[in-house]
Amino acid sequence: MVAMDGSQNGNSFGRSLATVFTMNALTPHALLQQAPGATPDADPEETAEWRDAFLALVATEGPERARHMLQELVRVARAQRIGWQPDLNTPYVNTVAVQDQPVFPGDLAVEERVASIVRWNALAMVVRANQAYGELGGHIASYASAADLFESGFNHFFRAREGVGEGQHRGDLVFFQPHSAPGVYARAFMEGRLSEQDLMHYRQELTAPGAGAQGLSSYPHPWLMPDFWQFPTGSMGIGPISSIYHARFMRYLTHRNLLNCAGRKVWGVFGDGEMDEPESMSALTLAAREGLENLVWVVNCNLQRLDGPVRGNGRIIDELERLFAGAGWNVVKLVWGSDWDGLFARDLTGALVRTLEGTVDGQMQTFAAKDGRFNRDNFFGQNPELAALAQGMTDEQIDRLKRGGHDLVKIHAAYAAAARHQGQPTVILAHTKKGYGMGTAGQGKMTTHSQKKLDETDLIEFRNRFNLPLTDEQATSLAFFKPAEDSPEMLYLRTHRQNLGGYLPRRETACEALPVPAIESYAQFALQADGKEMSTTMAFVRMLGSLLKDATLGPRIVPIVADEARTFGMANLFKQVGIYSSVGQRYAPEDIGSVLSYREALDGQILEEGISEAGAIASWTAAATSYSVHGLAMLPLYIYYSMFGFQRVGDAIWAAADQRARGFLLGATSGRTTLGGEGLQHQDGSSHLVAATIPNCKAYDPAYAGEMAVIIDAGMREMVTEQRDVFYYVTLMNENYAQPDLPASAAEGVLRGCYVFKSYSRLSDKRESTIPSKSVTLMGSGAILTEVVKAAELLAAEGVEVTVLSVTSWSELARDGVACEQRAIAGEDKPGTPWLAAQLTATSGPVIAATDYVRAVPETVRAFVPEGRKYLTLGTDGFGRSDTRAALRAFFGVDAAAVVRAAKFALGATAAR
C-alpha cells in the first residue's frame, strides 16, 4: 500500500529497484503512470467557468440543490443520446470526510493495546501449533489484516443476545472471515471463555480432551464448537449469500408478526478475493431490492488472494465499488488512515489523489512490502508535488502511514455511517495490508497467506512493532499474554462487551418446542389410500396444505420454492397463505380472476426465490437455524427438482448441516426415469448417494404416500418437538399410480429403512414350475418399487415364491448396519443385528435390489445381506435420456422385465451351486 505501516525492512533503494521494476525495461515512475488518462480538455477556460459555477451553486444553495441540478443534467444528457452516464467510481479517498467523523467514543490508546495483545496471542497460537505439528496449518496474515476491523465491531457495534424475553435484544448476526478464526479465539481467551490449554490445542480437536482442553476448529464450525460458532463461513462464498438471506429472513419474521427483529443487524466480514466466488455476488440485487438496511458487509480489501494480488493489474476497491453501487448498495470506502488527512489537506493541486487513482493493486502490494525509504523514493518521488508533501516526514513516519482498515478512528466512523444508513444495505470497502505488522516475515508478500512460522528475529520485530509488554524470552518462546484482571485493558474489554449484551461469537439453542398435530389430522388420506391414484408430490402438497391450517404449527411452517410452485401443484397455496413480498402486491395479476391466481403479500408465507437454487437453499438455511439464531423454532420445507439440490448446491447443504439445520429438503421429480422428457441434466440418479455422506441428514425415498406421511410426521417431531439437530431429505415422484393402504405394523420399518411390503405365492393351478428354485426376495425403492411389484407378480405367475421389501432409506439401513458392525468390532456383548439382516432373515432365496438411482446406492447395504444369499443390484448408471418412462426403465434395466431377468439369473446361479 502506499506508505506502509509495517516494520522497517532496511532494503536499499537500489536493490529494491532491481528486484521490482524490470518489466519491459520501464523506469519505476513510468511503470506507475501507465493508468489511462482522461480525455484531453479542448477548452480549459470554459471548463473552469462551469466548475466555478457549480462550486458557487454548492456554496450558496447547498448540496441538495447541487444534487438536483446534476440529476437534471444527466436527464438532459440521456434525452440527447450523447452516450454518457455518470461513473460509478468515486475518488480513491474515504467516503466519510474528516469533518463528518463522529467523536470517537472510546479510549483509543487502550483499544490499540487490546488489539495488539489479541494479535500476539493469535500469532502465537498458530506458530506454536506448527512448531509442534508441521502438518496442522493455520493462518496468521488474514487476521493480521482484519484485526482492527474486528476490534471496532467487538468494542462498539456487534450486539450479543441479551435474552429471548419481551424487550430483550436478541443479538446481531455476525459472519466472521474464516481465515481470521485465530484472532477470534485469541479474543475469547482474553475474555476468559477459552483457556491457555485451549489455545495450545488449535486444530487438535481429537487430542485436546486428553489434555483437559477444548480443541479449536480450523474455521467457524458450529457442528464442532456448538456453543461458540454460529455461522459456518469456511467454504468461501457461502457466508456472503447466507448473510443476505438471513437478513431477509429477519424481515420475513417481522412482517409476519412472528418476531420483531427491528434494531438488529447482520454484519459480515469477508475477503476481497472471496468476492470472486459466484455465490458472494449472486444475491446483491435481492438485498438492494428488499432495502435490507439491517445488512452491513465489511470487505477486507487487503488486495491479496492466496497466491498473489486479487487484481494485480487493476484495482479491486474500484471494481467492487462499481459492482455494489450498480447493484443498489450504499458504498462506504474506508481507504486511508488519519495520518493521511494532513497530506490530503496540503495537496492543493490534487496530485496525491490523481496518483493514488493511477496506482494498480499489484504496485500497492509492493509498497506494502517495502519500507519508508523505498516509498519516499518510489511513491512520493514520482513528481515534485508529491515530494513536497512528504517533506518534513521521516522515513519511519512514511512507513507507518496507515491504510484505513488499520485506523480505529476511521473504522468507527465508517461503521457508524453504515449502522445509521437507511433504505439500503451497506458495504464498507476497507483498505488493509495482508500480514499487517509481520514485517519482513510476511507483510504484503506473495507468500504471506501460507506464512505459519516466524524466526526469533521476526518475533522480536513483531513485539516491537506493537509495543507488547513481553521480554525477549517471552516473545521468542511464544508465551501467551493476558493482562491482569484489574488492568485497564481487561476492564475496558469486559465493560464494552457487557454494554453490548455479552460475548460474541456465542451460539444458543434454547427455544420453545412446537407440538405436532396427530398424523390422522392431515394424512389420513395417505395412510388409507384405498388404491387411489396420485403422485407422492401431490400427496405431499395436500399434507402441507392441511399442516398450514394448524393453529400452532401452521404459522411456523416456511414453504420454499425456487420458481416451480405450479410445477409441483402448489398454486392453490398462493391464495391460502400468499407469497412473501416486503412491499406487498402493487399490481393486479393477469390471472386475478382464477382460483389459483398469483398473490403476493407483506405477511405472505411462501418464499418463492426465483430461478436461484443457491438463494432458495440460503433461505432454507436461515429458517432451519432460526431456533438458534433467533430463539424461535421454524419448520422450512424446500421443494425443488431433485437434480438441482445436492448436485448444484451441495456445498451450501453441507454448510447448513454444519450449522445444525432442522427442516425438510424435498427432492421432487426425483429419480432418473420419472421425469421422462427432460433429459440428461434434469434427471437425478445420484442425490441419495450424496445425501448419505452428510452425517445429520436422514434421506428417504418413499414409494407410497403412506410411507411419506410416516416420514414427515416423524421428522417434524424429531426436529421441532424433540429438537434434535437433524434434517430430512425426502424424494418425491410426479408419477401417478395406485396408492395402497399402509399396514399399521409398517411404521417402524418405514423409519428404519425397509419393511416387508407383500409376499406372492407360487402357482396354485398344479402346473409344474419351469424354475427349479422356490423363492426370491425383491427390494425396491421410490419410483421403481412399482416395477418390482410387477416383477413379483410375473415371477409368481411362473411358480416362484416372492417376498417384496419396500426400501424407504438405503442410507438409514447402511448406517444401522455399520453401527452394529462397529459395536461388534469394539467387543460389545450385544452389538445388535442390522435391521436389513433381520428383515431378510424372514425371507429366502437370492436378493435383487432395484432403484431409480445409480447402483452405488443399493450397493451400500451389501455387507448386511445375510451370508450365503446372492445379492444383485440394478440401477440407472450413466447419463439420463429423454423418452417415455417405460422406454427409460427398459434402457437402464430397472423395469419389471429387467427385475425378472435378474431374478431368474440369480435363481439359476443358485440352483447351479
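## A closer look at the pattern of salt bridges
So, point 1. Throughout the structure, instances matching the rule amount to 39 salt bridges.
So, point 2. Among the ionic pairs, Glu 191 bridges to Arg 187, the shortest N-O distance being 3.0 Å. Neither residue differs from the other here; Glu 191 and Arg 187 are each classed as buried.
So, point 3. Its salt-bridge partner being Asp 318, residue Arg 315 comes within 2.6 Å of it at the nearest N-O pair.
So, point 4. What makes Arg 315 buried here is its relative accessible area of 10%.
So, point 5. On the basis of relative accessible area, Asp 318 is assigned to the buried category, the value being 13%.

## Some points on the packing of aromatic side chains
So, point 1. Tallied over the entire structure, the rule returns 42 aromatic pairs.
So, point 2. Ring geometry for Trp 267 versus Tyr 415: centroids 5.5 Å apart, planes at 40°, classification tilted. Of this pair, Trp 267 sits in strand 2 (residues 266-271) while Tyr 415 sits in helix 19 (residues 408-420), and the two are 148 residues apart along the sequence.
So, point 3. For Trp 267, a relative accessible area of 1% corresponds to the buried category.
So, point 4. Summarising the aromatic geometry, the rings of Tyr 704 and Phe 757 are spaced 5.5 Å apart at their centres and angled 25° between planes, so their arrangement reads as stacked. With a gap of 53 residues between them, Tyr 704 in the loop between strand 13 (697-700) and helix 30 (705-721) and Phe 757 in strand 16 (residues 754-760) connect regions that are remote in the sequence. For the pair formed by Tyr 704 and Phe 757, the shared burial category is buried.
So, point 5. Taken together, Tyr 143, Phe 150, Phe 154, Phe 157, Phe 158, Phe 176, Tyr 185, Tyr 202, Phe 228, Trp 229, Trp 267 and Tyr 415 form an aromatic cluster joined through their ring pairs.
So, point 6. The ring of Tyr 219 carries Arg 203 above its face, with NZ or CZ at 5.4 Å from the centroid.
So, point 7. Here the basic side chain of Arg 465 rests over the ring of Phe 466, its NZ or CZ set 5.1 Å away from the ring centre.

## Quick notes on the confidence of the model for the chain
So, point 1. Confidence in the prediction of the chain, expressed as mean pLDDT, is 90, and 91% of residues score 70 or more.
So, point 2. Counted against residues more than four places away or in other chains, residues 1-36, with its pLDDT under 50, gives 98 contacts.

## Things to note about the nonpolar core
So, point 1. Formed by 93 residues in total, the largest nonpolar core has its most connected members in Phe 664 and Leu 778.
So, point 2. With 9 residues, the top contributor of residues to this core is helix 30.
So, point 3. Discounting chain neighbours no more than four positions away, the residues touching Phe 664 are Trp 620, Leu 635, Pro 636, Leu 637, Tyr 638, Ile 711, Ile 712, Gly 715, Met 716, Met 719, Tyr 728 and Val 730.
So, point 4. The next biggest cluster of nonpolar side chains, apart from the first, holds 89 residues, and it includes Ile 241, Ala 351, Phe 379 and Leu 389.

## A look at the sheet that holds strand 20 (residues 871-874)
So, point 1. What the 5 strands build is an open sheet, ordered 16-18-17-19-20; its pairing is mixed. The open sheet terminates on both sides in strands that have one partner only, identified here as strand 16 and strand 20. This sheet shows a mean twist of 20° between the axes of neighbouring strands, independent of strand direction.
So, point 2. Sheet analysis places strand 19 (residues 847-850) next to strand 20, joined by 4 bridges and oriented parallel. For Ile 848, the partnering residue across the bridge sits in strand 20 and is Leu 872.

## Some details on the packing of helix 9 (residues 238-255) against helix 26 (residues 613-624)
So, point 1. One way to put it is that helix 9 packs onto helix 26 with a least axis distance of 8 Å and a crossing angle of 60°. Between helix 9 and helix 26, the angle falls in the class oblique. Like other packed secondary-structure pairs, helix 9 and helix 26 cross with a definite hand, here right-handed. Taking contact as the criterion, the partners of Ile 241, Ser 242, Tyr 245, His 246, Arg 248 and Phe 249 in helix 9 are, on helix 26, Ala 614, Gly 615, Ala 618, Ser 619, Thr 621, Ala 622 and Ala 623.
So, point 2. Residue composition of the contact of helix 9 with helix 26, grouped by class: 7 nonpolar, 5 polar and 1 charged.

Thresholds, definitions, all that
- Residues numbered from 1 in each chain as written.
- Predicted model: local features only at pLDDT ≥ 70, side-chain atom pairs only at ≥ 80, totals over all residues.
- Heavy atoms only, no water.
- Salt bridge = Lys/Arg side-chain N within 4 Å of Asp/Glu carboxyl O.
- Buried < 20%, exposed > 50% of the residue type's maximum accessible area, 1.4 Å probe, protein only.
- Phe/Tyr/Trp six-rings, centres within 6.5 Å; stacked < 30°, edge-to-face > 60°.
- Helix = DSSP H or I, 4+ residues; strand = E, 2+ residues; numbered from the N terminus.
- Lys NZ or Arg CZ within 6 Å of the ring centre and 35° of its normal.
- pLDDT = per-residue confidence, 0-100.
- Contact = heavy atoms within 4.5 Å.
- Core = buried A, V, L, I, M, F, W, Y, C linked by side-chain atoms within 4.5 Å.
- Pairing = 2+ DSSP bridges.
- Axes fitted to C-alpha atoms, helices over the stretch in contact; angles between N-to-C directions.
- Parallel < 35°, antiparallel > 145°, perpendicular 65-115°, else oblique.
- Left-handed = near helix turned anticlockwise from the far one by under 90°.
- Nonpolar A, V, L, I, M, F, W, Y, C, P; charged D, E, K, R; others polar.

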